[in-house]
Amino acid sequence: MKAADLGRLQKLRMRKPKVNPMVFALCLGCFIMVIFYFNSSLKPEAVGERNSSHKSRRSPLQTMFNGDQRKPGTTLYAVVVKTCRNGTSCMNLALNLTDGCVLSCQTAALMSPTTLKQVESALQAIHQGRRELLEEACRSYSRKRRVLIPEDLKHIIVDDKHGLLYCYVPKVACTNWKRVLMVLTGVAGAHKDPLAIPANEAHVPGNLRTLSEYSTSEINQRLRSYLKFIFVREPFERLVSAYRNKFTRSYNTAFHKRYGTKIVQRHRPHPQPEALEKGNDVSFEEFVYYLVDPATQREEPFNEHWERVHSLCHPCLIHYDVVGKYETLEQDSRYVLQLAGVDEQVSFPASSKSTRTTGDMAAQFFQNISPFYQKKLYNLYRMDFLLFNYSVPAYLKFR
């Protein structure tokens, strides 16, 4: 090989390969996009962009998320919220502070700004704890996840104006919540007081839109960005309340005809002709037999008044932001209205204590139910007990 050729070969070996600038720029751009994607996915989902009319205020979901920003594992205080026995609107506040436990009961109007802030933070902690308990129970007890279908969303009422999704559960103050939403959505017309709306009008189909009426993309958008809330109740208190309302009230002839006659026919030995015709004297024991009878659900789904909450609202498929409880109804309702920014526009109606079904009343109804049927009934409603952190009632005899 000639000396000139050898020189050129050596120069080729020593020359560094050039990187195409276009290829380098493309790789760098892809890398930046990947970093941006993972960085943004770790942040809470931005909400409040539903339409231009909402851009000037935070959405209820933003309000709640911003209020929940506290370091994990740092419980500064615990709070027990209830209505005082003298009927005044007050809170029973127990703060676990460094100097011990301070217990006070005072009207909300007289609370100092600092105390109000403490109550607000404590309520946020309570609701965060409820969400975490529900998620843990879903992981432990629920079956394999499935895709939601429109039929699952018929109990979820939509308030597009304020960005709210409410899953109503009969016998858990749903009439009053429907009244409140009728006022907020403008369906109530001139009515600004929820109690001015007749109870039967609150349940008229079509007054309030449900999530099942929207397209798939509209459903997904609302599930992502709206505040989702639900109110639950001790399962057997709710069940006894449903029985008392639907089977012991003379005006509920439709329920007597629809369900009472069937219950009498199937679960009463030697029924009288009048009972078979009217179905207006169903006992609680017969009602329990009807519920635990496998043939009941084979024929048709439970009526919504005694259907399980997890079957109505699907809390393991829909991640509710607020899980309100009937036991703390007024405080939890006020919390939701505050998140929505409408607490000065509308108030949740005060509940009537005189006719309310209590735990002691439920215990009396279960006295004549044998341990065998108590166990069967508990198994039927077991998921509601587990998901919403209700203990097994002490009056049950099967344990």
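Above this text sits the structure in question.
Here's what I pulled together on the structure shown here. (Residues numbered from 1 in each chain as written. Predicted model: local features only at pLDDT ≥ 70, side-chain atom pairs only at ≥ 80, totals over all residues. Heavy atoms only, no water.)

### A look at the overall build of the chain
In terms of regular secondary structure, the chain is built from 16 helices and six strands. Contacts in the chain between residues far apart in sequence, at least 24 positions, make up 66% of those at least 6 positions apart. Per element, the accessible surface of the chain, about 22,900 Å² overall, is 56% carbon and sulfur. (Helix = DSSP H or I, 4+ residues; strand = E, 2+ residues; numbered from the N terminus. Contact = heavy atoms within 4.5 Å. Areas by Shrake-Rupley, 256 points an atom, 1.4 Å probe, with all protein chains shown as cover.)

### Things to note about the sheet that holds strand β3 (residues 156-159)
Spatially, β3-β4-β5-β6 is the arrangement adopted by the four strands of the open sheet, whose pairing is mixed. If you trace the sheet from one side to the other, it starts and ends with β3 and β6 (322-325), each paired once. Ignoring strand direction, the axes of neighbouring strands in this sheet form an average angle of 25 degrees. Two elements, strand β5 (residues 227-232) and β6, share four bridges in a ladder whose sense is parallel. Counted as the bridge partner of I230 is V323 from β6. Of the strands in this sheet, β3, β4 (164-167) and β5 are in contact with helix α5 (residues 174-185), which crosses β3 at around 25 degrees. Against the sheet, helix α14 (residues 329-340) touches β4, β5 and β6, its axis set at about 170 degrees to β5. (Pairing = 2+ DSSP bridges. Axes fitted to C-alpha atoms, helices over the stretch in contact; angles between N-to-C directions.)

### Some words on the nonpolar core
Counting residues in each nonpolar core, the largest one holds 88 residues, and the members touching the most others are F287, L291, W306, L377 and Y381. Contact partners of W306, with chain neighbours within four places excluded, come to R238, L239, K246, F247, F255, Y259, F287, Y290, L291 and Y381. (Core = buried A, V, L, I, M, F, W, Y, C linked by side-chain atoms within 4.5 Å. Buried < 20%, exposed > 50% of the residue type's maximum accessible area, 1.4 Å probe, protein only.)

### Some thoughts on the packing of aromatic side chains
Applying the stated criterion across every chain yields a total of 27 aromatic pairs. For the ring pair W177 and F229, a centre distance of 4.9 Å and an interplane angle of 55 degrees mean the geometry is tilted. In this pair, W177 sits in helix α5 while F229 sits in strand β5, placing the two residues 52 residues apart along the sequence. Given the relative accessible area of 0%, F229 is considered buried. The lysine or arginine in question, R233, covers the ring of Y326, its NZ or CZ lying 4.1 Å from the ring centre. (Phe/Tyr/Trp six-rings, centres within 6.5 Å; stacked < 30°, edge-to-face > 60°. Lys NZ or Arg CZ within 6 Å of the ring centre and 35° of its normal.)

### Topic: the environment of V172
Mapped onto the elements of the fold, V172 is located in the loop between β4 and α5. Through-space distance from the C-alpha of V172 to that of R238 is 7.3 Å; in sequence the pair is 66 residues apart. Once you skip the residues sitting within four places of it in the chain, V172 turns out to touch Y166, F231, V232, R233, R238 and Y326.

### Points about the packing of helix α11 (residues 284-292) against helix α16 (residues 371-387)
It is the contact of α11 with α16, at a shortest axis distance of 10 Å, that shows an interaxial angle of 55 degrees. With respect to each other, α11 and α16 are oriented oblique. For the element pair α11 and α16, the recorded crossing hand is left-handed. Touching V288, Y289, L291 and V292 of α11 are Y373, K376, L377, L380 and Y381, all from α16. Across the contact of α11 with α16, the residue classes tally to eight nonpolar, no polar and one charged. (Parallel < 35°, antiparallel > 145°, perpendicular 65-115°, else oblique. Left-handed = near helix turned anticlockwise from the far one by under 90°. Nonpolar A, V, L, I, M, F, W, Y, C, P; charged D, E, K, R; others polar.)

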